[in-house]
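Understanding the architecture of this molecule
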Amino acid sequence: MSDAAATSPSASMTGWGRFRRNRQACLGGAFLLAMAIASGVALPWSLAWFDVENLATGVRHAPSVKSVTPEEPLDRAVGNVPTALKPLGSVMRGAASWLGHDELGRSLVFRLALGLIVSLAVAAGATATALILGTLWGATAGLLGGRTDLLLMRVVDVLYGLPYILMVILMKVALTRPLTAALGGRTRYADLVILFLAIGSVSWLTMARVVRGLVMSLRHEGFVEASRAMGAGPVWIFRRHMLPNLVGPVAAYASLVVPQAMLQEAFLSFLGIGVQPPLPSLGRLAADGVQAINPFVGFWWLLVFPCGLLALMLVALNGVGEGLREALDPRSTRKMLA
Amino acid sequence: MMRMIARRLVLGAATLACVYALTFLMVVSAPGNPLQTSERNLAPEVAAALRARYDMDHNGRYFVQLLLGILRLDFGPTFQYPDWTCNQILAQSLPVSAMLGLVAILLAVVVGVPLGAMSAVRGRGWASGLGLSLALAGVCVPTFVTGSCLLLVFAVFLRVAPVGGWGTLAHLPLPAVTLALPFVAYVTRLTRAGMTEALSQDYIRTALAKGLPRRQVVWKHAFPVAFLPVLTYLGPATAQAMTGSFVVEKVFSVPGMGQHFVNAALNRDPGLLIATVLVFSAMVIAFNLIVDGVHVCVDPRLRSRAA
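Rules of the game
- Residues numbered from 1 in each chain as written.
- Chains lettered and ligands numbered in written order.
- Predicted model: local features only at pLDDT ≥ 70, side-chain atom pairs only at ≥ 80, totals over all residues.
- Heavy atoms only, no water.
- Helix = DSSP H or I, 4+ residues; strand = E, 2+ residues; numbered from the N terminus.
- Buried < 20%, exposed > 50% of the residue type's maximum accessible area, 1.4 Å probe, protein only.
- Contact = heavy atoms within 4.5 Å.
- Areas by Shrake-Rupley, 256 points an atom, 1.4 Å probe, with all protein chains shown as cover.
- Lys, Arg positive; Asp, Glu negative; His and termini not counted.
- Charge placed at Lys NZ, Arg CZ, Asp CG, Glu CD.
- Axes fitted to C-alpha atoms, helices over the stretch in contact; angles between N-to-C directions.
- Parallel < 35°, antiparallel > 145°, perpendicular 65-115°, else oblique.
- Left-handed = near helix turned anticlockwise from the far one by under 90°.
- Nonpolar A, V, L, I, M, F, W, Y, C, P; charged D, E, K, R; others polar.
- Phe/Tyr/Trp six-rings, centres within 6.5 Å; stacked < 30°, edge-to-face > 60°.
- Salt bridge = Lys/Arg side-chain N within 4 Å of Asp/Glu carboxyl O.

Take the overall build of chain B next. Scanning chain B from terminus to terminus reveals 13 helices and zero strands. Ordered by position from N to C terminus, the α and β elements of chain B give α-α-α-α-α-α-α-α-α-α-α-α-α. Seen along its three principal axes, the alpha-carbon backbone of chain B occupies a region of about 85 × 55 × 30 Å. The burial tally for chain B puts 45% of its 307 residues in the buried class. Here the contacts in chain B between residues at least 6 apart in sequence split such that 72% fall between residues at least 24 apart. Surface accessibility of chain B: about 15400 Å² in total, with carbon and sulfur atoms responsible for 66%. The distance from the centre of the 23 positive side-chain charges to the centre of the 12 negative ones in chain B is 18 Å.

Attention shifts here to the packing of helix H11 (residues 282-292) of chain A against helix H6 (residues 143-157) of chain B. Taken N-terminus to C-terminus, the directions of H11(A) and H6(B) make an angle of 20 degrees; their axes are 10 Å apart at the nearest point. Of the possible angle classes, the one that applies to H11(A) and H6(B) is roughly parallel. Judged by the sense of rotation from one axis to the other, the crossing of H11(A) with H6(B) is left-handed. Between H11(A) and H6(B), the contacting residues are Gly283(A), Ala286(A), Ala287(A) and Val290(A) on the first element and Phe144(B), Val145(B) and Ser148(B) on the second. Its residues assigned to classes, the contact of H11(A) with H6(B) shows five nonpolar, two polar and no charged.

We now examine the packing of aromatic side chains. Following the criterion strictly, the structure yields eight aromatic pairs over all chains and no others. Relative to Phe144(B), the ring of Phe270(A) lies with its centre 4.8 Å away and its plane at 10 degrees, an arrangement referred to as stacked. Taken together, the residues Phe270(A) in helix H10 (residues 234-271) and Phe144(B) in helix H6 connect one chain to another. When its relative accessible area of 13% is taken as the criterion, Phe270(A) is described as buried. By relative accessible area, which is 1% here, Phe144(B) ends up buried. An angle of 45 degrees between the planes, with centres 5.0 Å apart, marks the rings of Tyr20(B) and Phe63(B) as tilted. Placement of the pair is Tyr20(B) in helix H1 (residues 2-29) and Phe63(B) in helix H3 (residues 59-71), with a sequence separation of 43 residues. A relative accessible area of 25% means that Phe63(B) is categorised as partly exposed. Feature note: the residues Tyr20(B), Phe24(B) and Phe63(B) constitute an aromatic cluster, connected by ring pairs.

Below, the discussion takes up the pattern of salt bridges. All names here are of chain A. Taken as a whole, this structure holds seven salt bridges over all chains when the rule is applied. The shortest N-O distance in the salt bridge between Asp-149 and Arg-212 comes to 2.6 Å. With a gap of 63 residues between them, Asp-149 in helix H6 (residues 146-161) and Arg-212 in helix H8 (residues 187-219) connect regions that are remote in the sequence. A salt bridge links Arg-154 to Asp-157; the nearest nitrogen and oxygen atoms lie 3.4 Å apart.

In short, geometric facts, not functional conclusions.
Following this line, the structure appears as structure tokens:
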């Protein structure tokens, strides 16, 4: 027991060393950290400004967003994009107009900063949900074995056969009313919670398989058998002997669930059942950007910046995830996933 | 071999039954139903008549009625499109999605496998770089973005492809490429990983040591082993691609099955939802069976066990 405790820090040290030598993972991690800190620092401002339309009150220079108001004839409105909305335009002074504004004159910088946080929060919540559900389910199946194992894993197999979209949509529908009531009618936050619960509750299946496989292989290790011979129960064995050994591989796999959850949130936003307006998320902004660009109006910045940021975030998250997996879990889960 | 197939078919039927029961349970217990949507605005007596007609007030009876219909391959009516039956909708949209999906999967194999294999064999180089960036792009850019960008560039600016629709061969490339991209990414990654692992095996070193040409070692000794995980992945992937993608269908206005699936779930339309889910599950089971059959043919270890 003390042996395992003595070797585990050094094992994680070598893991950290392996992670540090991985250039992709380090770059990704640095980028993620920088973006998270930047949008975290900007949070008070972005929360205050993300939904301010036209910004007429805050601007000293006369804003020229008139040409997108509904009163203007359509052909003139679509023909020339008002320069005030373009990146570095002058609807608002300073940082707020660096990346331009959307059709309503809302600052894209603030919307992106808040959207990044919303996306990260939803992805993190979904991953946590998947982590808890999957670990409990897989550990129960692996520890108890026999009939229970068969039954639990059969359930996972059947759920695999169901298309995940169906589960997300129905989960969202089923959860909306009770959760909104539980949160006292604060629909905006209830919506986010429902979103990550729905995404998380479809992402735990692979996690359950990974954890079950790990537990099964740990069950036949000498130190577990010794503990069992001394009369330890399954709960004790799991907490004392298995959990420390599970942390690495499970963390590595979980870090790969985060970008998947983010992509799913984007897809749900495209369907119109993701984050509800006016709240932005990276997926929501990208989906809106797709709508905003067509042969007639070229709000190109509404597509390029959100999509670019989303893609960079996903690249970084994937890089960190792969790096973690290689560092913490060189062999075991890759075999199970293949 | 025959016994294995028979066993898998029985297991598949049991899975389908579970899927049916689960989907039914979920769609019936979710709040809201297709008769409540604001678009239809049914008179109360009409709604009552419809409820009675389809036994919607007696879920148990509805469950049995629908099941009996499905056993005769009749998926019953759909509430969203009053003049259509589920069978008619499937008959119209499934071939479209199946064709598009098949082309996309073929594309994924034709592009992804050589790219992945080359990037593993050559190490650093243009093939490796291209493979890696393609694999990253496929995972990191949402389909609706790639689809819209392709549409904008090729249909609007270059005018070499129709903006949307379905029917002629010219309608095929853009949606097929969009649909294929995530699959290309995954196939490339799997092939690369499999090839890297296979090339590090002892028997490869032996083959090289006894003087076989490198090309022969790579393609004859390493590649068949490296391809096995790709084959496993292709089973469910083909089923998924062939049952349609909502995003691709929406961006390119392709009349496929993915949109019915999402709309049925959003509108809680039990008949159409169960029909589409069952088609999807049946395809997954069927393609897994086919893939396992191919596995037995390709992998000598499995062949001896099956005989």
